[in-house]
Amino acid sequence: MDDKSVTLGWAALIALSVACAPAGIAMRYAPTVSAVPLDVAVRPKVFLERVEDRTGDAPLSFGGRAARRFARPPAAILREALRLELERLDITVVQNRGQADAFLRADWVRGVIRTEAGFVADIAIALSLRTPEGGDLWENTILASSSRQDSSRGDVWSRAFSEALTSAMSRIGPLWESRRVFASLPETDVSAGGSVGAL
């Protein structure tokens, strides 16, 4: 098969996949294995301070042949995924800033689709963890990809992005554990009848 035939074949596959898929990319966090809680003396409390989409919700395309958006704002999907992953790590997500031991900021930096022996979803998520006083605890940008070699039937893009997001979330715990990010937070005494103190 010559290069022209391969190009035409991919073009037909992309066009068919978009035609058969729902209008919006249904990305979701779907963990398949148990998370290992952080090794800390007291359960930390984290406030999700800000979760934003730096891409401006731009439509995703490949070679100008397709244009699709996420079914829901990426920032909303990311906030839900972070909340779930923090809980899986045995971290308390608090609603009040005054209760937090640390503030977590997150940005959806990149989300693209490409073809390379299938459909590949590439994402980038920037994370920043700070103390209530503004001190740096940890920051990093997590990159993740997922390749789907399915037939064009079904929403391949949604599955690829969901797997990439799940892969990214699963890296947070090991990264924090390796850096012992909560080790520098002092233990806090709690008055009688209150909840458990946090680092």
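Everything quoted here is computed from the prediction, not taken from an experiment. (Residues numbered from 1 in each chain as written. Predicted model: local features only at pLDDT ≥ 70, side-chain atom pairs only at ≥ 80, totals over all residues. Heavy atoms only, no water.)

> Now, about the overall build of the protein chain: what can you tell me, with residues and values included?
Along its length, the protein chain carries 4 helices and 7 strands. Along the chain direction, N to C, the helices and strands of the protein chain fall in the order α-β-β-β-α-β-β-β-β-α-α. Every one of the 199 residues in the protein chain was classed for burial, and the buried ones make up 42%. Here the protein chain has roughly 10400 Å² of accessible surface; of this, 51% comes from carbon and sulfur atoms. (Helix = DSSP H or I, 4+ residues; strand = E, 2+ residues; numbered from the N terminus. Buried < 20%, exposed > 50% of the residue type's maximum accessible area, 1.4 Å probe, protein only. Areas by Shrake-Rupley, 256 points an atom, 1.4 Å probe, with all protein chains shown as cover.)

> Outline the environment of Ala 124, listing residues and values.
For Ala 124, the location among the structural elements is in strand β6 (residues 119–130). With a relative accessible area of 5%, Ala 124 lands in the buried category. It is 6.8 Å that separates the C-alpha atoms of Ala 124 and Gly 111, two residues lying 13 residues apart in sequence. Non-local contacts of Ala 124, meaning those with residues more than four positions away in its chain, are made with Asp 107, Trp 108, Val 109, Arg 110, Thr 141, Ile 142 and Leu 143. (Contact = heavy atoms within 4.5 Å.)

> Tell me about the pattern of salt bridges, residues and numbers included.
For the coordinates displayed, the defined rule picks out 12 salt bridges. Residues Arg 97 and Glu 49 are paired through a salt bridge, measuring 3.3 Å at the closest nitrogen-oxygen approach. Of this pair, Arg 97 sits in the loop between β4 (92–93) and β5 (102–115) while Glu 49 sits in strand β2 (residues 45–53); the two residues are 48 residues apart in sequence, bridging distant segments of the chain. Residue class for Arg 97 comes out partly exposed when judged on its relative accessible area of 41%. (Salt bridge = Lys/Arg side-chain N within 4 Å of Asp/Glu carboxyl O.)

> So what's going on with unusual backbone geometry? Residues and values would help.
Phi is mostly negative for residues that are not glycine, and the peptide bonds are mostly trans. Unusually for a residue other than glycine, Asp 90 sits at a positive phi of about 65°. Assessed through its relative accessible area of 37%, Asp 90 is described here as partly exposed.

> Break down the confidence of the model for the protein chain for me, citing the residues and quoting the values.
Where the model shows low pLDDT, its predicted coordinates should not be examined in detail. On average, the protein chain scores 82 in pLDDT, and the residues at 70 or more come to 76%. Residue range residues 5–14 is modelled with pLDDT below 50. Its contacts to residues more than four positions away, or to other chains, number 11 contacts. Scored below 50 in pLDDT, residues 188–199 shows 26 contacts in the model against residues more than four places distant or in partner chains. (pLDDT = per-residue confidence, 0-100.)

> For empty space enclosed by the protein, give the residues involved together with the corresponding values.
If you walk through the whole model with that rule in mind, you get 1 cavity of 30 Å³ or more. Estimates place the volume of the largest cavity at around 40 Å³. Along the walls of the largest cavity sit Leu 38, Asp 39, Val 40, Trp 176, Glu 177, Arg 180, Val 181, Phe 182 and Ala 183, which together make up its complete lining. When the residues that make up the lining of the largest cavity are grouped by side-chain class, the tally is 6 nonpolar, no polar and 3 charged. (1 Å grid on protein atoms, 1.4 Å probe; cavity = no way out; pocket = protein on both sides within 12 Å on 5 of 7 lines; lining within 4 Å. Points joined across faces, edges and corners; volume = space filled by probe spheres on them. Nonpolar A, V, L, I, M, F, W, Y, C, P; charged D, E, K, R; others polar.)

> Pulling in residues and values, what's your account of the sheet that holds β2?
Read from one edge to the other, the open sheet built from 5 strands follows the order β4-β2-β5-β6-β7, with strand pairing classed as mixed. Strand pairing shows two members of the sheet lacking a second neighbour, β4 and β7 (136–148), which therefore form its edges. As defined by bridge partners, β5 adjoins β6 across 12 bridges and the pair is classed as antiparallel. Considered in β6, the bridge of Arg 105 is made with Ser 128. Docked against the sheet, helix α2 (residues 74–88) engages β2, β4, β5 and β6, running at close to 160° with respect to β2. Helix α3 (residues 156–170) contacts β5, β6 and β7 of the sheet and is inclined by roughly 35° relative to β6. (Pairing = 2+ DSSP bridges. Axes fitted to C-alpha atoms, helices over the stretch in contact; angles between N-to-C directions.)

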